[in-house]
Amino acid sequence: MLGSDSFILRRSATMISLIVQIFAVYLFFRGHNLPGGGFIAGVASGIGMLLLILSHGREMVPLILPFDPLRLCGWGLLLATLSGVVGLVVSGAFLTHYHYKDDDFPFLGSIYLGTPLIFDLGVFLVVVGVVLKISLVLLDALQRHQSVEMTAFSLPRGEGDEPLERPESPESNSAS
Amino acid sequence: MTGTENSLLIAAMILPWVAMIALQASGRWSKSAGPGRVLWLVPAAITGVFGWLVVKGAGTSLSSVPLFSWVASQGIGFSFQVDGLSLFFGLVVSGMGTLIFVYTAGYFEGKTEEFRKFYTYLLFFLAAMLGTVFSGNLLMLYIWWEMTGLASFFLIGYLHNNKEAREGARMALITTITTGMCLLAGVLLIGLTAGTFEIAELMAMAPEFTDSTPWKIGFILILIGAFGKSAQFPFHYWLPNAMAAPTPVSAYLHSATMVKLGVFLVARIFPIFRPLDAWEPILMTIGFGTFALGATLALLSHKLKAILAFSTVSQLGFLVGFYGISPSGGAHWDLLHIVNHVFYKGALFMVVGIIDHSTGIKDIRKLGGLRKHLPLLFWVATLSTASMAGVIGTTGFLSKEYMLKEKLDYLSDGVFLNALPITLVIIGSVIKMAFSLRFILHIFFGETSKEATAHFHKPSFLIQFPPLLLTVFTMAGGLLPGVTGLVLKAFTTPGLHAPEAPKLKIWHGLTSPAFLISMSILAVGTILYLMLERTRWRWEGIPIWLRADAAFTKGIDNLPAFGGWITRLLGVEHPKFHAPVILAVGLLWVGLPLIGQWSHLSLPAFDGDSLFIAALAAILLVCAGMCILFAPSWRAQVILMGTIGFLVTFYFVLYRAPDLALTQILVEAATLILLLVIILRFPQLQHRPCKLSALTKSVNAVIALGIGVLMTVLTLVLTSTRAARPLGDDYLAASLPKAKGSNAVNTILVDFRGFDTLLEIGVLVIATLGIIGLLLRRKEGSRHAG
């Protein structure tokens with residue numbers, strides 16, 4: 001269901017979504033020193049996937065995420081908690097963070113790692129999971145109301161016009 | 001305790017967790033018969049450790065093992081308390097666990113795919129129980145305590161295709177968690193009054209607080225928690241309904257270990273609260289009242305497991321009451337009564353499970369004549385039931401003898417109320433004798449029922465071995481009282497037990513009053529049984545007015561109706577009813593105090609460039625806001641709202657808050673997509689709401705204008721009174737050196753206030769679960785749909 005008739009929307013949504021995902025990863029990693037971070041990256045990534053789902057239809061979901069998004073939330077909470085447990089074990093205080101910085105790392109120049117990154121990854125996963133799960137649940141609830149017209153936001157066209165092309169199966173879409 | 005002993009104890013506590021993870025990680029092996037053959041070694045090893053500690057004499061002294069502090073500022077820490085009581089319960093949990101692990105392998109014979117899940121829950125329960133009984137800190141005890149409740153919930157609802165199992169699990173969870181909340185409140189009150197949560201310290205400080213009211217209230221609340229867990233009146237209804245669980249669970253959790261936690265807690269707080277005046281009357285009436293009530297209900301039941309469940313309730317009542325009347329100097333032989341119950345009730349539950357396993361029948365009225373088919377089981381059941389009834393030669397007899405002696409001593413104190421325990425105990429014991437007779441005679445004797453033998457298959461020896469072993473213990477404990485006494489002596493706990501206890505022996509002489517009463521109980525019980533036999537046990541079950549569980553279920557079922565009534569009463573179904581009320585109240589409450597404070601207002605300072613942008617954004621914002629009022633459709637209004645959201649970003653950029661601006665843009669985008677594409681397509685929102693009258697509209701307009709003015713004033717007030725040293729500066733300064741990050745917003749989120757963030761994402765997940773429940777549970781064609 002859902003899924004637009006518009007070829008242009010579907011193709012551009014795939015592109016935009018890809019760009020948004022890259023942007024989300026970028027936001028995630030710059031978080032500690034520049035505007036960004038797990039929460040924002042999570043929302044961005046969630047929106048990106050939502051765009052894909054809305055343009056290609058509900059059937060798209062198993063292709064981009066082959067399991068229940070709620071699992072992401074669970075893993076996220078676990079990761080965030082575990083990153084805090086490190087501090088609990090090492091210094092006895094929950095959520096004390098540790099950092100590792102190497103200015104002379106082969107190939108990458110300088111790298112910076114630390115438990116805050118794991119914590120942020122947890123936040124990221126939870127946010128992505130929440131955004132997706134809520135949207136999917138809403139979509140499913142919507143699906144059960146059969147009276148909704150299915151083409152509410154397709155391109156306007158005249159009475160009796162044939163769509164430019166038949167909606168394809170999601171597999172062939174994702175191949176492009 | 002020495003270092004080796006400490007590390008052994010800690011290893012024993014961690015072992016179940018390790019086994020649990022290993023079981024989960026072991027892939028296909030865990031779905032074969034393997035776990036059933038091997039996993040009993042886990043509780044057996046733990047039993048070995050505890051046994052060794054007892055041999056080393058750790059049971060007669062009190063030692064605290066502080067591990068590490070968790071929230072040091074609040075005095076919450078992992079610490080173990082090792083004394084006779086915790087070692088005794090630890091041994092019961094792990095020893096009984098060993099037998100149950102073996103029994104489970106036989107019970108699920110041929111259904112090996114169940115092993116992984118079932119054993120995982122059992123190991124989780126084992127770990128939680130050990131944590132509870134060894135806790136040295138009341139708050140930690142509470143956390144472990146609730147974990148056992150959770151394990152019990154999983155295990156009762158294990159056969160989740162069964163409605164009874166689901167409802168039983170729900171009832172058990174709601175009851176124990178609600179009473180658990182009382183326990184938490186009580187623990188907090190006690191801890192805050194005394195300034196520590198450590199049990200050992202509380203024991204030392206207890207005499208100072210006997211007159212303090214919070215102390216007494218805390219005591220009552222803790223007792224409620226204990227009563228809920230141990231199924232004491234008025235919470236006795238959940239335990240029989242928990243019997244929908246597989247039998248290993250009933251034998252382990254709901255007779256031998258978990259339900260004894262209430263008794264354990266009473267024993268644990270005995271040294272702390274015994275000096276209170278309220279101790280004796282409360283525990284005595286509730287405990288012995290439950291003893292008689294439970295016995296009566298057991299007599300009225302027909303289902304095998306219900307009979308045993310109510311008799312468990314009854315025995316737990318006795319134990320609670322026993323601690324109630326124990327003198328403040330210390331209790332005698334309380335552990336004898338507990339261990340006696342563990343032996344015979346565990347064995348009987350296993351027997352019932354085996355009968356169910358081989359005949360498929362759960363109702364005593366349909367059974368009969370199984371003696372020839374199950375000869376070994378017959379002896380096991382007879383001896384264990386004899387112990388339940390208190391026939392001479394069993395541990396049950398010893399237990400009853402000493403409990404009667406105790407009651408008689410108590411009687412001689414002379415007050416009228418002191419006759420209550422002995423009266424209730426005699427009544428309860430008579431009834432117990434009657435249903436014990438019925439239990440044996442109706443299952444194993446009489447004519448063989450066709451139903452029972454139709455699908456009969458012989459149980460394996462493996463499954464019969466654990467109850468056999470328990471019966472051997474029952475008989476050994478009863479026939480060798482000297483040894484029993486010696487073993488129990490090794491668990492003498494300072495503060496709980498009197499240092500000198502009367503010697504255990506079987507024979508006190510023909511004329512000892514306890515013996516005479518004991519014998520007459522057996523005789524009267526037999527007469528009662530014979531009288532009931534003439535009615536042919538024809539009643540349908542427990543009469544409805546005695547069934548508290550029916551009332552409970554009704555209450556739970558009516559809860560949604562009550563919620564709906566409240567909702568309609570307050571008019572919260574649609575914002576057009578309640579939003580004006582809330583806003584008007586807010587307006588008056590916040591606005592009125594502001595009148596007359598005009599002189600404090602000042603405009604924030606803008607420099608030239610930003611003033612232009614700010615003004616431009618403000619004009620656009622106002623325009624968008626005005627447009628909402630006159631927009632013709634939902635969709636246009638939502639888009640305009642989105643516009644406002646995006647325009648606000650201007651200000652975030654202006655005040656150099658790029659993080660906020662980014663978040664605002666992304667969240668606004670997500671909200672818009674959700675609203676436009678999904679939510680507004682629900683049919684309920686397709687038509688416009690009904691027209692409001694002109695009067696309502698004008699009132700709403702006045703309120704809206706008032707709120708607008710109020711917010712403007714508030715903004716001006718709040719921005720003009722900035723703190724002399726804003727908190728933000730500190731964070732900015734500390735961000736790089738302490739959190740190793742130059743973006744202070746992010747370091748606050750993940751580091752300085754990381755705990756907040758952790759809980760916030762937790763709340764996010766909980767909210768999602770709520771949304772799932774609200775949206776997916778609604779059935780087609782219900783009141784709200786369409």
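Residues numbered from 1 in each chain as written. Chains lettered and ligands numbered in written order. Predicted model: local features only at pLDDT ≥ 70, side-chain atom pairs only at ≥ 80, totals over all residues. Heavy atoms only, no water.

On to the overall build of chain B. Helix and strand content of chain B: 31 helices and two strands. Each of the 786 residues in chain B was classed as buried or not, and the buried ones make up 49%. The contacts of chain B with a sequence gap of at least 6 include a subset with a gap of at least 24, amounting to 78%. Surface summary for chain B: the accessible area is close to 35800 Å², and the carbon and sulfur share equals 71%. The positive charge centre, built from 55 side chains, and the negative charge centre, built from 39, are 10 Å apart in chain B. (Helix = DSSP H or I, 4+ residues; strand = E, 2+ residues; numbered from the N terminus. Buried < 20%, exposed > 50% of the residue type's maximum accessible area, 1.4 Å probe, protein only. Contact = heavy atoms within 4.5 Å. Areas by Shrake-Rupley, 256 points an atom, 1.4 Å probe, with all protein chains shown as cover. Lys, Arg positive; Asp, Glu negative; His and termini not counted. Charge placed at Lys NZ, Arg CZ, Asp CG, Glu CD.)

Turning our eyes to something else, we now look at the overall build of chain A. On a plain count of helices and strands, chain A comes out with six helices and two strands. Listing each helix as α and each strand as β along chain A from the N terminus yields α-α-α-α-β-β-α-α. When burial is assessed residue by residue, chain A has 46% of its 176 residues classed as buried. If you take every contact in chain A between residues at least 6 apart in sequence, the share linking residues at least 24 apart comes to 66%. Accessible surface computed for chain A: about 8900 Å², of which carbon and sulfur atoms make up 68%.

The next subject is the pairing of strand 2 (residues 76-82) of chain B. Residues and elements named next belong to chain B. With six of its seven residues buried, strand 2 lies for the most part within the structure. Bridge count for strand 1 (residues 63-71) against strand 2 is seven bridges, and the pairing is antiparallel. From the neighbouring strand, Val 71 faces strand 2, where its bridge partner is Ile 76. (Pairing = 2+ DSSP bridges.)

With that settled, the discussion passes to the interface of chain B and chain A. Counting from both sides, the interface comprises 48 residues of chain B and, opposite them, 52 residues of chain A. Between chain B and chain A, the buried area comes to about 4300 Å², and carbon and sulfur atoms account for 75% of it. Together, Leu 666, Arg 681 and Val 750 of chain B form the three largest contributors to the area buried by chain B at its contact with chain A, with a combined 15%. Taken together, chain B and chain A are joined by zero salt bridges. If you look at where chain B meets chain A, you find zero residue pairs in polar contact (both at pLDDT 80 or more). Elements that contribute at least two residues to the side of chain B that touches chain A include exactly strand 1, helix 27 (658-678), helix 30 (744-752) and helix 31 (754-776) of chain B. The element contributing the most residues to the side of chain B that touches chain A is helix 31 of chain B, with 14 residues. Taken together, the residues that form the side of chain B that touches chain A break down as 28 nonpolar, 14 polar and six charged. (Buried area = accessible area lost by both parts, 1.4 Å probe. Salt bridge = Lys/Arg side-chain N within 4 Å of Asp/Glu carboxyl O. Polar contact = N/O pair within 3.5 Å; in protein donor to acceptor, adjacent residues only side chain to side chain. Nonpolar A, V, L, I, M, F, W, Y, C, P; charged D, E, K, R; others polar.)

All names here are of chain B. Under the defined criterion, the tally for this structure stands at 37 aromatic pairs over all chains. Between Phe 118 and Tyr 158, the ring centres sit 5.0 Å apart and the planes meet at 80°, which makes this aromatic pair edge-to-face. With a gap of 40 residues between them, Phe 118 in helix 5 (residues 115-134) and Tyr 158 in the loop between helix 6 (138-156) and helix 7 (163-194) connect regions that are remote in the sequence. Both residues of the pair, Phe 118 and Tyr 158, belong to the buried class. Connected via pairs of aromatic rings, a cluster forms that spans Phe 209, Trp 215, Phe 219, Phe 270, Phe 273, Trp 279, Phe 288, Phe 291, Phe 318, Phe 322 and Tyr 323. Sitting above the plane of the Tyr 158 ring, Lys 117 keeps its charged end 5.1 Å from the centroid. (Phe/Tyr/Trp six-rings, centres within 6.5 Å; stacked < 30°, edge-to-face > 60°. Lys NZ or Arg CZ within 6 Å of the ring centre and 35° of its normal.)

Attention shifts here to the nonpolar core. With 182 residues, the main nonpolar core has Phe 50, Phe 134, Trp 215, Trp 238, Phe 273, Tyr 323 and Ile 355 of chain B as its most contacted residues. A per-element tally of this core places helix 15 (residues 334-359) of chain B first, with 15 residues. Aside from chain neighbours lying at most four places away, what touches Trp 238 of chain B is Met 171, Ala 172, Thr 175, Thr 176, Gly 228, Lys 229, Ala 231, His 254, Met 258 and Val 259 of chain B. Listed in part, the 47 residues of the second largest apolar core include Leu 72, Leu 136 and Ala 141 of chain A together with Leu 674 of chain B. (Core = buried A, V, L, I, M, F, W, Y, C linked by side-chain atoms within 4.5 Å.)

Glancing now at the pattern of salt bridges. Residue and element names in this part refer to chain B. All told, the structure shown has seven salt bridges over all chains when counted by the stated rule. A salt bridge links Arg 268 to Asp 83, with the nearest nitrogen and oxygen atoms 2.9 Å apart. Of this pair, Arg 268 sits in helix 12 (residues 261-273) while Asp 83 is found in the loop between strand 2 and helix 4 (84-107), placing the two residues 185 residues apart along the sequence. Judged by its relative accessible area of 1%, Asp 83 is buried.

Now for the confidence of the model for chain A. All names here are of chain A. Overall, the prediction assigns chain A a mean pLDDT of 75, with 72% of residues at 70 or greater. Between the elements of chain A, mean pLDDT differs from a low of 42, seen in helix 6 (residues 170-175), to a high of 89, seen in helix 1 (residues 7-30). Segment residues 146-176 is flagged for pLDDT under 50; beyond a separation of four residues in sequence, or across chains, it makes 32 contacts in the model. (pLDDT = per-residue confidence, 0-100.)

Turning next to helix 30 of chain B. Along helix 30 of chain B, the residues that are buried comprise Ala 744, Asn 746, Thr 747, Val 750 and Asp 751 of chain B. Along the axis of helix 30 of chain B, the buried positions cluster into a sector of 150°, meaning they face one direction only. (Arc of directions from axis to C-beta.)

What follows deals with the side chain of Gln 464 of chain B. Turning to its location among the elements, Gln 464 of chain B is positioned in helix 20 (residues 461-479). Contacts of Gln 464 of chain B, omitting those with residues within four sequence positions, involve Ile 354, Leu 376, Leu 377 and Pro 459 of chain B.

What follows covers the packing of helix 29 (residues 727-739) of chain B against helix 30 of chain B. Residues and elements named next belong to chain B. One can describe the packing of helix 29 onto helix 30 by two numbers: an axis separation of 9 Å at closest approach and a directional angle of 65°. The two elements helix 29 and helix 30 cross, and the hand of that crossing is left-handed. On the side of helix 29, the interface is formed by Tyr 731, Leu 732, Ala 734, Ser 735, Lys 738 and Ala 739, while helix 30 contributes Ala 744, Thr 747, Ile 748, Asp 751 and Phe 752. Counted by class, the contact of helix 29 with helix 30 contains seven nonpolar, two polar and two charged residues. (Axes fitted to C-alpha atoms, helices over the stretch in contact; angles between N-to-C directions. Left-handed = near helix turned anticlockwise from the far one by under 90°.)

Okay, helix 26 (residues 634-654) of chain B next. When the terminal C-alpha atoms of helix 26 of chain B are compared, their 31 Å separation across 21 residues agrees well with the 30 Å that a helix rising 1.5 Å per residue should span. One or two residues past the end of helix 26 of chain B sits Arg 656 of chain B, with phi positive at roughly 55°. (Expected span 1.5 Å × (residues − 1).)

Cysteine pairs can be linked by a disulfide, which is a covalent bond between their two sulfur atoms. All names here are of chain B. Inspection of the entire model under this criterion finds zero disulfides over all chains. The thiol sulfur of Cys 623 is not disulfide-bonded, and the nearest other cysteine sulfur, from Cys 627, lies at 6.5 Å. The exposure class of Cys 623 is partly exposed, given its relative accessible area of 42%. (Disulfide = S-S within 2.5 Å.)

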